[in-house]
Structure formats: C-alpha cells, structure tokens
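Here is how the chains run, residue by residue.
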Amino acid sequence: MEEFEQILEQYEPMITSILKRTHVYKNHEHFRQSARIALWKAWQNYNPERGPFAPYAYRTMQTTIYTEMKNENNYSDHQIAYERDKLTATAQIMEDRYHQTEHELEDILDTLKDLLNEKEIQLIVDLYVNGYSYEDLCNKYGVTIYALRKRRDRIIQKIRSEME
C-alpha cells in the first residue's frame, strides 16, 4: 500500500489541476476525494501494455469529476425543487386545515354558549382544544383530578341530554 501513497503524493498536483480545469467551485473536498478514489482505481486497473500511466490516470480522474458534477447537479435540480414544492403544498394544506378547524371550533363554541356557563366552556376548551392534562388543570382550578373528571362527566352528560 505504500506504493499507492507514493503515487497519491506524486499526483496530488494533477488532482488540483483537474479540479481547476473542471471549474469546481464548491464541495472541493468531496471532489478531491472522488479524484483520489479514481486515481486508486486507475492504479488498480492500469495495464502497462496500453501506454503510460499519467495520461490514463488524468483521464480517469477527469471523467470521474465530470460524472460527480453531473450527479450533483441532477440531485440539486430534482431533489431540492421537489422538497420546496412538497413543503409549499404541506404548508398550504396545514393552513387550510387550521382555518377550517378554527371555523368549526367557533361554531361549536357558539352552540355550547347556549348550553353551558363560562366555567364549563373553559374546562372543555382547556381539556379538548388546548390539550391540558388533568394535572395541569388541577393547579389551575384548585381541585383534585377526581373533581375535574366528575365535572367533565357532568358537562358531557348535560351536552348529550340537550342534543337528544
């Protein structure tokens, strides 16, 4: 393996030259590493009967860099545009759901105002809209969990009886 390390050290300036000629302007280390891997593959596959090693290594590294650039551009063109479109669509759906839920909630609260008093409505909103736990509401209302559950059961029974 020491032979390849010597080859790598010898061809580092060539790698820098290839990176300059191929106009690599970002991800330098990624492309430098790709060129090193291409050099190693060229070193492994080199056949001395086909000519000198330097032109073969140069062409192999240059082809690898261009292939990596093409793959990087394809990924950027397709993936980032897709993710941007997906995020935009998701945001629109969430906004529509929020507005729809907001209107439904207002309709439900208007209906409950005819059936329940303010404290009962506030308990239902805290439990089912704001998502507070019984432990949180115990501190807020100054009662036990058992008392809150009992109060909730009475409110639900009241709503059911009025709906029937």
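Residues numbered from 1 in each chain as written. Predicted model: local features only at pLDDT ≥ 70, side-chain atom pairs only at ≥ 80, totals over all residues. Heavy atoms only, no water.

Asker: Just to check I follow, could you spell out the pattern of salt bridges for this structure?
Answerer: Here the idea is simple: oppositely charged side chains can pair when their charged atoms come close. As enumerated under the stated definition, the model contains five salt bridges in all. Between Lys-158 and Glu-120 there is a salt bridge, and its shortest N-O distance comes to 3.2 Å. In this pair, Lys-158 sits in helix α6 (residues 145-163) while Glu-120 sits in helix α4 (residues 118-129), placing the two residues 38 residues apart along the sequence. By relative accessible area, Lys-158 is classed as partly exposed at 33%. When salt bridges that share partners are traced, they join Glu-12, Arg-32 and Arg-36 into one network. (Salt bridge = Lys/Arg side-chain N within 4 Å of Asp/Glu carboxyl O. Helix = DSSP H or I, 4+ residues; strand = E, 2+ residues; numbered from the N terminus. Buried < 20%, exposed > 50% of the residue type's maximum accessible area, 1.4 Å probe, protein only.)

Asker: I keep staring at a negative patch on the surface and nothing clicks. Help me out?
Answerer: Taken together, Glu-104, Glu-106, Asp-107, Asp-110 and Asp-114 make up a surface patch of like negative charges. You can see Glu-106 is positioned in helix α3 (residues 53-115). (Patch = residues over 30% accessible without salt bridge, like charges linked within 9 Å, V, L, I, M, F, W, Y side chains within 5 Å. Areas by Shrake-Rupley, 256 points an atom, 1.4 Å probe, with all protein chains shown as cover. Lys, Arg positive; Asp, Glu negative; His and termini not counted. Charge placed at Lys NZ, Arg CZ, Asp CG, Glu CD.)

Asker: Is there a simple way to explain the packing of α4 against α6 in this structure?
Answerer: Packed helices, taken two at a time, are described by the angle between their axes plus the distance between the axes. Two elements in contact, α4 and α6, have axes separated by 10 Å at closest approach and are oriented at 105°. As the angle between them shows, α4 and α6 are arranged roughly perpendicular. When α4 is examined against α6, the residues Glu-120, Leu-123, Ile-124, Leu-127 and Tyr-128 are found in contact with a partner set consisting of Leu-148, Arg-151, Arg-152, Ile-155, Ile-156 and Lys-158. When the residues that make up the contact of α4 with α6 are grouped by side-chain class, the tally is seven nonpolar, no polar and four charged. (Axes fitted to C-alpha atoms, helices over the stretch in contact; angles between N-to-C directions. Parallel < 35°, antiparallel > 145°, perpendicular 65-115°, else oblique. Contact = heavy atoms within 4.5 Å. Nonpolar A, V, L, I, M, F, W, Y, C, P; charged D, E, K, R; others polar.)

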